[in-house]
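Per-entry structural report
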Amino acid sequence: MRVIRVADYQEMSDLCASLVVAQIKAKPDIVLGVPTGGTPLGMYARLVETFRAGEVDVRRASFFNLDEYVGLPHEHAQSYHAYMRRHLYDQVEDAFTPENLHVPDGNAGDLQKACESYEAAIRAAGGMDLCMLGIGANGHVAFNEPGCSLASRVRVVRLAERTVLDNARFFADPATVPRHAMTMGTGTIRDARALILLASGEGKAAAVAAALEGPVTSRCPASIVQLHPRVVFLVDEAAASGLTVRHPSWEEYRSDPHAETFLFQ
Ligand code: F6R
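The notes below deal with the structure included here. (Residues numbered from 1 in each chain as written. Predicted model: local features only at pLDDT ≥ 70, side-chain atom pairs only at ≥ 80, totals over all residues. Heavy atoms only, no water.)

Quick word on the overall build of the protein
Just so we agree on the cut-off: Runs of E in the DSSP output that reach at least two residues are strands. Runs of H or I that reach at least four are helices, and both are numbered from the N terminus. Restricting the calculation to C-alpha atoms gives the radius of gyration, and the globule rule supplies 2.2 Å times the number of residues raised to the power 0.38. Burial classes: relative accessible area under 20% of the type maximum marks a residue as buried, over 50% as exposed, and values in between as partly exposed (1.4 Å probe, protein chains only). Every residue pair with non-hydrogen atoms within 4.5 Å of one another is taken to be in contact.
Along its length, the protein carries nine helices and ten strands. Expected size for 265 residues packed as a compact globule is a radius of gyration near 18 Å; at 17 Å, the protein falls within 12% of this value. Overall size of the protein, expressed as C-alpha extent along the three principal axes, is 55 × 40 × 35 Å. Out of the 265 residues in the protein, the part that is buried amounts to 55%. Within the protein, counting contacts between residues at least 6 apart in sequence, those at least 24 apart form 80% of the total.

Here it is in structure tokens:
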């Protein structure tokens, strides 16, 4: 696992985008797991610039969102369907292949079947090459909340009270924040061949410390990263403030002559 300290949100976003672009160049039919929320917005903005400039071709790449609210219409501004269109897919004309863009269907008549189909679609695509993740202030990844099984698959979950409160900032009426979501499980995420985690801001410091320096425990689902062989965790100074281990900055990391060979180890 490579934990890399970055100065701030901007450096985290730019660095993450450049890592993703490098991975797409290396494997044009890459299968990506993609998050929503506030953290990846800067990274998507950078990706949009790169895609607009034609620096990389993403038509063969597949995208699988980590999660989606249950019961929120796809057209609702806060649905993750709408989020992905707004921040990425509709931003670059003709860059993406619509059949390759997947978001869980939180409005399916048969949610159980929709969960199974989503899991099967990831498998059919060849499994995720790279899954990007944010981290909740309570240590969740995707919507795997504290107390979940660390081997879970795509399923419907009830959101923790803390998550509902945290996400209320995106809704005009906090009372309308959905209470359930369809999410990749921790088992689904662990099957990805590589993970990139992003954490920015003091509000994430406790969760980052628990994930990286605490025990692997369902109390902090993000702690599964300790068991994954290929993880890059980009943490800005504020989010790293609870860590006792000192990790290299990107500058330090980059000046290591072996950096390229061990980035995703
Ligand atoms: C979003 C997701 C969540 C968020 C997490 C952090 O698809 O899976 O786990 O990554 O809640 O959210 P922000 O980035 O808004 O702090």
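Let's pick the thread back up.
Focus: the site of the ligand
We count it as follows: The near set for a molecule or strand comprises every residue that places at least one heavy atom within 4 Å of it. For the purposes of these results, a polar contact is taken to be a pair of N or O atoms within 3.5 Å, where, inside protein, one atom must be able to donate a hydrogen and its partner to accept one; residues adjacent in sequence count only when each atom of the pair is a side-chain atom. For accessible areas, the Shrake-Rupley method is used with a probe of radius 1.4 Å. Any residue's cover is judged against the shown protein chains and nothing else. Under the convention adopted here, Pro, Cys and the residues Ala, Val, Leu, Ile, Met, Phe, Trp and Tyr are nonpolar, Asp, Glu, Lys and Arg are charged, and Gly plus all remaining residues are polar.
As a matter of local geometry, the ligand sits amid 14 residues, with Thr 39, Asp 67, His 140, Ala 142 and Lys 204 nearest to it. At a separation of 2.8 Å, an oxygen atom of the ligand approaches a polar backbone atom of Gly 38. Here Asp 67 contributes a side-chain N or O atom positioned 2.6 Å from an oxygen atom of the ligand. Relative to its unbound accessible surface of 410 Å², the ligand loses 93% to contact with the protein. Broken down by class, the residue content of the shell around the ligand amounts to four nonpolar, seven polar and three charged.

Re the packing of aromatic side chains
Two numbers describe a pair of aromatic rings. These are the distance of the centres and the angle of the planes. For clarity, the threshold we go by: Aromatic contacts are taken between Phe, Tyr and Trp rings whose centres are within 6.5 Å, Trp giving its six-membered ring; a plane angle under 30 degrees counts as stacked, one over 60 as edge-to-face, and the others as tilted.
By the definition in use, this model includes twelve aromatic pairs. Centre to centre, the rings of Tyr 44 and Tyr 83 are 6.2 Å apart; their planes meet at 75 degrees, and the pair counts as edge-to-face. Here Tyr 44 is found in helix H2 (residues 41-52), whereas its partner Tyr 83 is found in helix H3 (residues 80-89), with 39 residues between them in sequence. Across the pair, Tyr 83 and Tyr 44 agree in class, each one buried. Their ring planes at 20 degrees and their centres at 6.2 Å tell us that Tyr 80 and Phe 143 sit as a pair that is stacked. Taken together, the positions of Tyr 80 in helix H3 and Phe 143 in the loop between strand E6 (130-133) and strand E7 (155-158) put the pair 63 residues apart, joining distant regions of the chain. Neither Tyr 80 nor Phe 143 differs from the other in exposure class; each is buried. Taken together through their ring pairs, the aromatic side chains of Tyr 44, Tyr 69, Tyr 80, Tyr 83, Phe 143 and Phe 171 make up a single cluster.

Digging into the nonpolar core
The criterion, for reference: For this analysis, a nonpolar core means a set of buried residues of the types Ala, Val, Leu, Ile, Met, Phe, Trp, Tyr and Cys, connected via side-chain atoms within 4.5 Å.
Membership of the largest hydrophobic core comes to 53 residues, with the highest contact counts inside it found for Leu 88 and Ile 196. It is helix H1 (residues 9-26) that contributes the most residues to this core, eight residues altogether. In this structure Ile 196 touches Cys 16, Leu 19, Val 20, Leu 130, Cys 131, Met 132, Leu 133, Val 232 and Phe 264, once residues within four positions along its chain are discounted. Within the second largest apolar cluster, 39 residues are counted, among which are Cys 115, Leu 133, Ala 239 and Ala 240.

Just geometry here; none of it tells us what the structure is for.
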